[in-house]
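# Topology and contacts: notes
The residues making up each chain are set out below.
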Amino acid sequence: MKIFLDTANLDELRKGADWGIVDGVTTNPSLIAKEGIAIDEQIKRICDIVDGDISAEVVSTDHAGMVEEAYKLAKIHKNIVVKVPLTRDGIKTTAKLSKEGIRFNVTLCFSAGQALLAAKAGAYIVSPFVGRLDDIALEGMNLIREIAVIYKNYNFPTQILAASLRSPLHVAQAAVAGAHIGTLPFKVLDMLFNHPLTDRGLEQFLNDYAKVFQEQASSRR
Ligand code: E4P
């Protein structure tokens, strides 16, 4: 599973990129607004940090506005994936401009039927939101499983991007369920490293080593 960072914060992106395991980035209007910098400028900076697919979302809700924004966003960098909401206008825009070679991430997907529409429209990526379904007491991970089966049944090339992942457990479950990509807030990526047995094991290895080799070194003095 590819790992994307779900942030528009440059410090977080630099830290994540430095670990050598970040394959791409997703942003949304809320994340861009949090940084307080115009989307085209911020997306350019993100493209300079991470060499992979970078999702940039439109804010228009009508087809004509989405088309105009999609052209502008796609021109920013070759790695841009234009993000549109899973609405009638979003699907229409995806179907039309995918044929021209613009790559789309269809976002705010909450049902397998919606994911079918995204694939039919030729989306490059579909983004089902796991955590937001969990928030309303539905099993978000079931959605990833269902979409994986549907896309496999019909050989749809659309990639499933598990979004709204809130914990390391979510990340592992999304990978088991067959998501092609998981997008993670920086905090969740950082938490993925942690295991108490790793810490305890490392401490023990270093103590055992130090006991023998430091003693030898001090007896030679
Ligand atoms: C990514 O594409 C989504 O915008 C993001 O994962 C949403 O996450 P949230 O539900 O935690 O805001």
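Here is a short report on the structure shown in this document. Just so it is clear, the model here is predicted, and its values are computed rather than measured. (Residues numbered from 1 in each chain as written. Predicted model: local features only at pLDDT ≥ 70, side-chain atom pairs only at ≥ 80, totals over all residues. Heavy atoms only, no water.)

### Describing the pattern of salt bridges
Across all of its chains, the model carries 7 salt bridges by this definition. Note that D53 and R103 form a salt bridge whose closest N and O atoms lie 3.0 Å from each other. Of this pair, D53 sits in strand β3 (residues 53-57) while R103 sits in the loop between α5 (88-98) and β5 (104-109), placing them 50 residues apart in sequence. You can call R103 partly exposed: its relative accessible area is 23%. For the salt bridge of K211 with D208, the shortest nitrogen-to-oxygen distance reads 3.7 Å. With a gap of 3 residues between them, K211 and D208 both fall in helix α11 (residues 196-220), about one helical turn apart. Owing to a relative accessible area of 48%, K211 belongs among the partly exposed residues under this scheme. (Salt bridge = Lys/Arg side-chain N within 4 Å of Asp/Glu carboxyl O. Helix = DSSP H or I, 4+ residues; strand = E, 2+ residues; numbered from the N terminus. Buried < 20%, exposed > 50% of the residue type's maximum accessible area, 1.4 Å probe, protein only.)

### Notes on the sheet that holds strand β1 (residues 2-6)
As a general point, the strands of a sheet are linked pairwise by backbone hydrogen bonds and lie either parallel or antiparallel. Read around the barrel, 8 strands follow the order β1-β2-β3-β4-β5-β6-β7-β8 and close on themselves; strand pairing throughout is parallel. Neighbour-to-neighbour, the strand axes of the sheet open up by a mean angle of 30°, direction not taken into account. Where helix α4 (residues 63-76) meets the sheet, its contacts fall on β3, β4 (80-85) and β5, and the angle it forms with β4 comes to roughly 155°. (Pairing = 2+ DSSP bridges. Axes fitted to C-alpha atoms, helices over the stretch in contact; angles between N-to-C directions. Contact = heavy atoms within 4.5 Å.)

Distances and angles like these do not, on their own, reveal function.
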